[in-house]
Amino acid sequence: MSLQHVLTLTDHGAAAERCVERAAELAARHQARLHLFAPLAPAGDAWRHHPDRVGMRARQLVRRHGIEVLPQPLHTLGQALATSTTGPREAAGRLLVLH
């Protein structure tokens, strides 16, 4: 199986960050793009959801894994899924979503 895109979500908590690392490893193995989605609205801990934080995390993943990482606000996830493929059959082998 060869993937073109790996999508993952993070709230920057410990469990989510383990998933992000796994997604980055898979993206590196398949030379796929990693789409990193995160909420941007403050929710208790303002830094945890700060727009710059997902960008910094993306840069860390680029350096560590040598992959292309696209940081994106969580509210764009539905649009990304809708435009990534024309249907489930066409998505086979091109898209993996981890959460």
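Everything that follows concerns the structure shown earlier in this document.
Starting from 1, residues in each chain are numbered consecutively following that chain's sequence as written. Two thresholds apply to this predicted model, a pLDDT of at least 70 for residue-level local features and 80 or more for giving and counting side-chain atom pairs, whereas whole-chain, interface and lining totals are computed over all residues. Heavy atoms from the whole structure form the basis of all side-chain values; hydrogens and water molecules are not counted.

S.K.: Any chance you could explain the overall build of the chain here in plain terms?
M.R.: In this text, helices come from DSSP runs of H or I with a minimum length of four residues, and strands from runs of E with a minimum of two, each type numbered from the N-terminal end. The secondary structure content of the chain amounts to four helices and four strands. The secondary structure elements of the chain, listed N-terminal to C-terminal, are β-α-β-α-β-α-α-β. The buried share among the 99 residues of the chain stands at 41%. Contact criterion: two residues are considered in contact whenever any of their non-hydrogen atoms come within 4.5 Å of each other. In the chain, of all internal contacts separated by at least 6 residues, the share reaching a separation of at least 24 is 71%. As displayed, the chain has an accessible area near 5,800 Å², and 55% of this comes from carbon and sulfur atoms. Exposure classes here rest on a 1.4 Å probe applied to the protein chains alone. A residue is buried below 20% of its type maximum, exposed above 50%, and partly exposed in between. Surface accessibility follows the Shrake-Rupley procedure with a 1.4 Å probe radius. Residue values consider only the protein chains on display as shielding.

S.K.: Just checking my understanding: could you explain the environment of Arg59 for this structure?
M.R.: Mapped onto the elements, Arg59 comes out in helix H2 (residues 51-65). The partly exposed category is assigned to Arg59, whose relative accessible area is 47%. Between the C-alpha atoms of Arg59 and Pro71, which are twelve residues apart in sequence, the distance is 9.2 Å.

S.K.: Please explain the nonpolar core as it appears in this structure.
M.R.: The set of buried Ala, Val, Leu, Ile, Met, Phe, Trp, Tyr and Cys residues whose side-chain atoms join them within 4.5 Å is what this entry labels a nonpolar core. Ranked by internal contacts, the top residues of the largest apolar core, which has 15 residues, are Val6, Ala27, Leu34, Leu36, Leu61, Ile67 and Val69. Those elements giving two or more residues to this core turn out to be helix H1 (14-30), strand E2 (33-38) and H2. Ranked by the residues each element gives to this core, the list is headed by H1, at four residues. Residues within four places of Leu61 in sequence aside, it is in contact with Val20, Glu21, Ala24, Leu34, Leu36, Gly66, Ile67 and Val69.

S.K.: Looking at this model, I keep getting lost on unusual backbone geometry. Mind explaining?
M.R.: Among all residues except glycine, the phi angle is most often negative; among peptide bonds, the trans geometry is most common. Of note, the phi angle at His12 is positive, near 70°, even though the residue is not glycine. Secondary-structure assignment places His12 in the loop between strand E1 (5-9) and H1. A relative accessible area of 9% places His12 in the buried class. For Gln31, which is not glycine, the phi torsion reads 50° and is therefore positive. Checked against the element boundaries, Gln31 lands in the loop between H1 and E2.

So far we have only geometry, and geometry alone does not tell us how the molecule works.
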